[in-house]
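Analysis of the macromolecular model
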Amino acid sequence: MHEAELLVRLRAGDAGAFEELVIAYQHRVFGIALRMLGRRAEAEEIAQDVFVRVHRSVAGFRGDAKLSTWLYAITSRLCLNRLASADRRFTQASEDLVVELRDEAADPPSALERREREAALHRALAELPDDRRIVVVLRDLEGLSYGEISETLGLELGTVRSRLHRARTELREKLEKLLP
Amino acid sequence: MTCHDARELLSALLDDALSADERQRLLEHLATCSDCARERDRLAATVTLLRSVTPARAPAGFVDRVLAATRPAPWYRRWLRAALLPWPVKVPIEAAAIVLLGIGVTYLYQRTPELRDAARMPSPVEHRAPKPSEPDETEKVQDSAPLQANVDSLRSKDSAARSNEQNAVVGSQKTEAFGRGRAFDADSRKPDDFKDRERDTLARSDVEASRDKFKRDVGAPERREGGPAAQPAPATAPPASSTLSTLPPAPATPPPVAVTPPVAASAPSAARGSVSEPQAKEQAARNLTAPQDRASPQATTPDTHAQRAPLPQAPAAGAPAQKTAKALDARVESRVAKMRRAPDVIGRLSVANRSEAEHALLELVARHTGTLVDRRVDGDSPVLTFDVPRASYVAFARDLAGLGRFTADREPGASGDVVEIVLTLE
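Everything in this summary refers to the structure shown in the same document. (Residues numbered from 1 in each chain as written. Chains lettered and ligands numbered in written order. Predicted model: local features only at pLDDT ≥ 70, side-chain atom pairs only at ≥ 80, totals over all residues. Heavy atoms only, no water.)

So, on to the overall build of chain B. Each helix and strand in chain B was counted, giving 21 helices and 5 strands. Expressed as a percentage of the 426 residues in chain B, the buried residues total 46%. Within chain B, contacts between residues separated by at least 24 positions form 79% of all contacts whose residues are at least 6 apart in sequence. Element-wise, carbon and sulfur atoms account for 58% of the exposed surface of chain B, whose accessible area totals about 21,500 Å². (Helix = DSSP H or I, 4+ residues; strand = E, 2+ residues; numbered from the N terminus. Buried < 20%, exposed > 50% of the residue type's maximum accessible area, 1.4 Å probe, protein only. Contact = heavy atoms within 4.5 Å. Areas by Shrake-Rupley, 256 points an atom, 1.4 Å probe, with all protein chains shown as cover.)

Spelled out as structure tokens, the structure:
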């Protein structure tokens, strides 16, 4: 899918183009929200809100950044706002995520090991500060580059690198037992 | 490069985000520092672990829900939302409703006691024994002001005056009730015997008040009597009939001595017909013939009561009559009716012996079927007020001349059944 062409169609109010956008980015947007919030229902609510906002304001999108970066920026801002506003904490994340992993497990012994490893990983992620967690989620789970992260979060490259280093170091200490 | 500087760059080295110079110097340090090299390996394993996490997938139906959420709502739903939901519309309406509700509740709360009082006012009137000649209760509660304003026309219409005089009774009692406030309401709930007693007391105090008013209006020389305007009746109060028999004709119209209203002088009150009712006549006869036992009240009351000496020929057998509510109401009505009109004749009788002349005068009044209304003392001169039937007035005046030199300041009019005479014995 060519983002420039899709953006032109979206600006023209093409309903099919919006549906294509939702289909293409639903898992990534939902994934960021789930890793940040830890609750599937809340993550779906945020992801749906992201697409509704995109649908409402895509006609005014200037195209200075990539469409995907714009989507990640909206998602990150909504998640951070939600985390900051309601004094909520990253709770029940492991349980929600375990359910998802159990469904995808094909090999029972391997699935059990994998589930325990990922549960420990998400617990460690949940213990990170929000501003560090979003950086490591965007980089290591969603695969964004330093530049895209800088553009998505509005941070300097040095800040991104520093936060990412601190987040990884902290995770390495927490996940020491799982490392080979 | 120190180990601290090297470890700050390890994360960027894994992402290949270092410049060529930084990368070269870091690699040289890692080649010589086993601790930093081991730290790099542990950090790389952590990143590998993070990137091995199963990607999250949006729940089934997510796309449909997003598309449904972005689809425009039907026109009627948008119209309803626009009409009912916007806060700028709802908030002012709700605030106005709350304010109006508060104002309404406050208004009703403030108005309720007055309405309750207004509803209670007719109760003392309704409690009275019904009289056949009384008009409807709804007429009684009418204000008595029209009577004051239309005295002339009312005097020429007997029936109308009769009705309005009864209104005056109600008006007087109503005014009295207002003056007494809630105590009056409380009294109205007492048992009947208490009510009778209270009504008697009320009538007596009303009489005293009206007498004082009469003194003020006429400029009466009884100022030395002093005393409270509405002196309460003593415990050994005389019978109501005796007390009422001394009522002065306190006029509501201008004072007859100072200003002589032409209408009042030429047209005697038609309302005076109520005085000649059989009941009133019987009362008058009883006043003339029944003894008045006033010794004890006069002994216990100062000035005013002491000035009202008992009538010379009044018998002493005035035991307290049984006061029924009906009779008392009739007396009160009669008294109030008298209060509201001026006397027809005001005259002086010059005699040699006042005591003997007073005896003779009372006999003369009784002979002409008249009624003694009041007796008081003006200086040394007794002032008697009595009613004489109009048919007997000419003969009465002729006989009166036989007692002494009679001079009349006012002459009676042509209408009315009774002539009210205020006579001063000189």
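Back to the text.
So, on to the overall build of chain A. Tallying secondary structure elements over chain A gives 9 helices and 0 strands in all. Along its sequence from the N terminus, chain A presents helices and strands in the succession α-α-α-α-α-α-α-α-α. Residues classed as buried in chain A amount to 50% of the 180 residues present. Taking the intrachain contacts of chain A between residues at least 6 apart in sequence as the baseline, contacts between residues at least 24 apart amount to 66%. Surface summary for chain A: the accessible area is close to 8,500 Å², and the carbon and sulfur share equals 47%.

This paragraph deals with helix α3 (residues 40-57) of chain A. Since the α-helix turns once every 3.6 residues, residues separated by three or four places project in the same direction. With 18 residues, α3(A) should reach 26 Å at 1.5 Å per residue; the first-to-last C-alpha distance of 26 Å fits that figure. Considered for burial, the residues of α3(A) that qualify are E42(A), A43(A), E44(A), I46(A), A47(A), V50(A), F51(A), V52(A) and V54(A). Considering only its buried residues, α3(A) is in contact with α2 (15-37) and α4 (67-85) of chain A together with α4 (62-70) of chain B. (Expected span 1.5 Å × (residues − 1).)

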